[in-house]
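# Remarks on the overall topology
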Amino acid sequence: MPHALIVDDDPDMVGWLQEVVRLEGFTSSSAQTLQAAREQLSSKRPDIVLTDLRLPDGEGIELAREMPPSDAPELIVVTGHATVDSAIAALRAGATDYLVKPAELNRVQAVLRHARKTAALRSEIGALRHELRRLGRFGRLLGSAPAMQLVYDQLGRVAPTSATVLLLGESGTGKELAALTLHELSRRRDAPFLPLNCGAVSAQLIESELFGHERGSFTGADRQHKGFFERAHGGTVFLDEVTEMPMELQVKLLRVLEAGSFSRVGGVTPIVCDVRIIAASNREPEWALAEGKLREDLYHRLNVFPIRLPPLRQRGADLELLARHFLAELNRVEGTAKTFSADSLAKLYQYGWPGNVRELRNHVQRAFIMADDVVECGPPAASSAPVAEEDGTTVTIRVGTPLEEVERRVTLATLAQCGQVKRKAADILGVSLKTLYNRLEAYSGRAALESEAGEAPEAALPTAVERVPEQDRLS
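These remarks concern the structure in this document.

Cut-offs used in this document
- Residues numbered from 1 in each chain as written.
- Predicted model: local features only at pLDDT ≥ 70, side-chain atom pairs only at ≥ 80, totals over all residues.
- Heavy atoms only, no water.
- Helix = DSSP H or I, 4+ residues; strand = E, 2+ residues; numbered from the N terminus.
- Contact = heavy atoms within 4.5 Å.
- Areas by Shrake-Rupley, 256 points an atom, 1.4 Å probe, with all protein chains shown as cover.
- Buried < 20%, exposed > 50% of the residue type's maximum accessible area, 1.4 Å probe, protein only.
- Pairing = 2+ DSSP bridges.
- Axes fitted to C-alpha atoms, helices over the stretch in contact; angles between N-to-C directions.
- Parallel < 35°, antiparallel > 145°, perpendicular 65-115°, else oblique.
- Left-handed = near helix turned anticlockwise from the far one by under 90°.
- Salt bridge = Lys/Arg side-chain N within 4 Å of Asp/Glu carboxyl O.
- Phe/Tyr/Trp six-rings, centres within 6.5 Å; stacked < 30°, edge-to-face > 60°.
- Arc of directions from axis to C-beta.
- Core = buried A, V, L, I, M, F, W, Y, C linked by side-chain atoms within 4.5 Å.
- Nonpolar A, V, L, I, M, F, W, Y, C, P; charged D, E, K, R; others polar.

This paragraph deals with the overall build of the protein. For the protein, the count of helices and strands is 19 helices and 18 strands. Within the protein, counting contacts between residues at least 6 apart in sequence, those at least 24 apart form 69% of the total. Here the protein displays about 22600 Å² of accessible surface, and carbon together with sulfur accounts for 51% of that area.

Written out as structure tokens, the structure is:
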């Protein structure tokens, strides 16, 4: 039988949880302190640990930090001292879920039932990790570069949990495929996966798309409509370009994340939903915060487990691996046997691929259509234009460069031209000093992430980014 360890210094809570786990088919043991829990974990590894956050000799999430990920049981925090910060800290430390006392019976039962599935999922993910190192595949993703290996490890770690994930990266880096991989490796994989591009739906319709509406709630609402959160019950909702969501709707999304319930447009009856949120953005969230396009409280709820998808230009030989994969897919669909010319793949490295994997796939498809038997797949024609040297007063930007990268290069070049005098650079750029500091902090964080992934950042930051002085915050 599966085994549960209950760690709490409240005898009534321990007794109630022991009865619940018994009814769900678990054996159980209990501990009132961290030290007692450690002793039990050293002698018998349970399938699930339900622990209070505050214990006489420390915090329950310390257990998550101490257990190796490969051998860690499910760890559920059950606390009467719930805060957003403690919930985020617990989930980042490795907790699978976070319940607030008095815990609802159905939530505890759902957690226990999910725990049975997690061991099998972890085994499957472990097998996938071995396979990806051999073939460069992980779920729906393809690539063997060190930066992608880091992504695979992060996906494998968070997939079996219920944690909210924020996928970051330029357009075309594969954020939706990463979201699908997370869903398919989770215990929710038999339930729906519903993607919504928040920037592609009008502000008037997106609330109805997410939460549904009642008949007669607005002009044209001639019948009841179930939204994404209702239709995806038990599954996953993927919110792409979440920074483009209207501010008034962000408030309602935050309530869903906090309360696990919502009401349809024009309705008053709360509807309980069990949905995992995966969000994505091709913009740096810090920029959206500085520009007032993203609520800070919503950002912290979405940013429980951030994963950054690397751009194609930082993935080395993955460029050739992906090109061959796309050609093989086209041959299979069209029933052909076309091949690349001898020097085609080498020429691909002459281009920066600002559209990333999506641009590469489209480029290979165009070359495939134009070829008879041998595919000539050099860099796109626009890349053959001469590139002017930058002389310190000009910055050359290739057509197709993402706007975020354009802004970054212009900002850093202006700062360098001003001798690192930030107030002068802010005046020239037409932004506030606080906005400039926020941008520099975002660039610094991006450079650190790229360095951790084993890739040198494209351009070093000119100076260390310091905090905005108090007098400047008030100006």
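Following the structure, the description resumes.
Here strand β16 (residues 305-308) shows a buried face lined by Phe305 and Ile307 and an unburied face lined by Pro306 and Arg308. Here strand β10 (residues 165-168) runs beside β16; their pairing, made up of four bridges, is parallel. Each bridged residue has a counterpart across the sheet, and for Leu166 the counterpart in β16 is Pro306.

What follows is about the packing of helix α8 (residues 203-211) against helix α10 (residues 247-259). In contact at an axis separation of 11 Å, α8 and α10 are set at 15° when each is read in the N-to-C sense. By the angle class used here, α8 and α10 are roughly parallel. Considering how the two elements wind past one another, α8 and α10 form a crossing that is left-handed. Residue-level contacts link Ile206, Glu207, Leu210 and Phe211 of α8 to Leu249, Lys252, Leu253 and Val256 of α10.

What follows deals with the pattern of salt bridges. Scanning the model with the defined rule gives 19 salt bridges in all. Between Arg308 and Glu284 there is a salt bridge whose closest N-O contact spans 2.9 Å. Highlighted residues: Arg308 in strand β16 and Glu284 in the loop between β15 (276-281) and α11 (285-290), separated in sequence by 24 residues. Relative accessible area serves as the criterion here: at 24%, Arg308 is assigned to the partly exposed category.

Let's shift gears to unusual backbone geometry. The residue after Lys101, namely Pro102, is reached through a cis peptide bond having omega -5°. You can see Pro102 is positioned in the loop between β7 (97-100) and α5 (105-135). Phi is positive for Glu241, close to 50°, though the residue is something other than glycine. By secondary structure assignment, the location of Glu241 is in the loop between β12 (236-240) and α10.

Of note, Arg315 is situated in the loop between β16 and α13 (318-334). What Arg315 contacts, discounting residues up to four positions off in sequence, is Leu142, Gly143, Ala145, Met148, Pro310, Leu322 and Val357.

The five strands lie next to each other as β2-β1-β3-β6-β7, forming an open sheet whose pairing is parallel. The sheet terminates laterally at β2 (27-31) and β7, the two strands that pair on one side only. Taken pair by pair, the neighbouring strands of this sheet meet at an average axis angle of 20°, ignoring direction. Both strand β1 (residues 3-7) and β2 contribute to a ladder of five bridges, which runs parallel.

This model, assessed by the stated rule, comprises six aromatic pairs. Between Phe193 and Phe238, the ring centres sit 6.2 Å apart and the planes meet at 20°, which makes this aromatic pair stacked. Placement of Phe193 in strand β11 (residues 193-197) and of Phe238 in strand β12 is noted, with a sequence separation of 45 residues between them. In this structure an aromatic cluster arises from ring pairing among Phe211, Phe229 and Phe262.

It is a general feature of regular strands that their side chains alternate between the two faces of the sheet. Burial along strand β3 (residues 48-51) is two-sided: the residues Ile48 and Leu50 and Val49 and Thr51 are all buried. Pairing analysis gives four bridges linking β1 to β3, with the strands arranged parallel. Note on β3: the bridge partner recorded for Leu5 is Val49. As paired elements, β3 and strand β6 (residues 74-79) share four bridges and run parallel to each other.

So, about helix α17 (residues 422-429). One turn of the α-helix equals 3.6 residues, which is why residues spaced by three or four share an orientation. Among all positions of α17, only Lys422, Ala425 and Ala426 are buried. Looking down the long axis of α17, one finds its buried residues gathered within 100° of arc, a one-sided arrangement. Within α17, the exposed residues directed more than 90 degrees away from the buried face are Asp427 and Ile428.

Let us now look at the sheet that holds β12. Read across the sheet, five strands follow the order β11-β12-β15-β10-β16 without closing on themselves; strand pairing throughout is parallel. Looking at the sheet topology across the chains shown, the edges are occupied by β11 and β16. Between one strand axis and the next, the sheet turns through 20° on average, direction left out of account. Pairing geometry for β12 and β15, over four bridges, is parallel. Its bridge partner being in β15, Val237 is matched across the sheet by Ile277.

Counting residues in each nonpolar core, the largest one holds 31 residues, and the members touching the most others are Leu210, Phe229, Leu239 and Ile277. Secondary-structure elements contributing two or more residues to this core are β10, β11, α8, α9 (228-231), β12, α10, β15 and α12 (296-302). Among the elements that make up this core, the one with the highest residue count is α10 (five residues). Look past the residues within four positions of Ile277 in its chain and what remains in contact with it is Thr164, Val165, Phe229, Val237, Leu239, Leu257 and Leu302.

Moving on, we get to the environment of Leu415. Along the chain, Leu415 falls in helix α16 (residues 403-417). Residue classification places Leu415 among the buried residues on the basis of a relative accessible area of 0%. C-alpha separation for the pair Leu415 and Ala426, spaced 11 residues apart in sequence, amounts to 8.3 Å.

This part takes up the packing of α13 against helix α15 (residues 356-370). The N-to-C vectors of α13 and α15 enclose an angle of 50°; their axes lie 10 Å apart at closest approach. It follows from the interaxial angle that α13 and α15 lie oblique. The handedness of the crossing between α13 and α15 is right-handed. Between α13 and α15, the contacting residues are Leu319, Leu322, Ala323, Phe326, Leu327, Leu330, Asn331 and Glu334 on the first element and Val357, Leu360, Arg361, Val364, Gln365 and Phe368 on the second. Of the residues contributing to the contact of α13 with α15, the split by class is 10 nonpolar, two polar and two charged.

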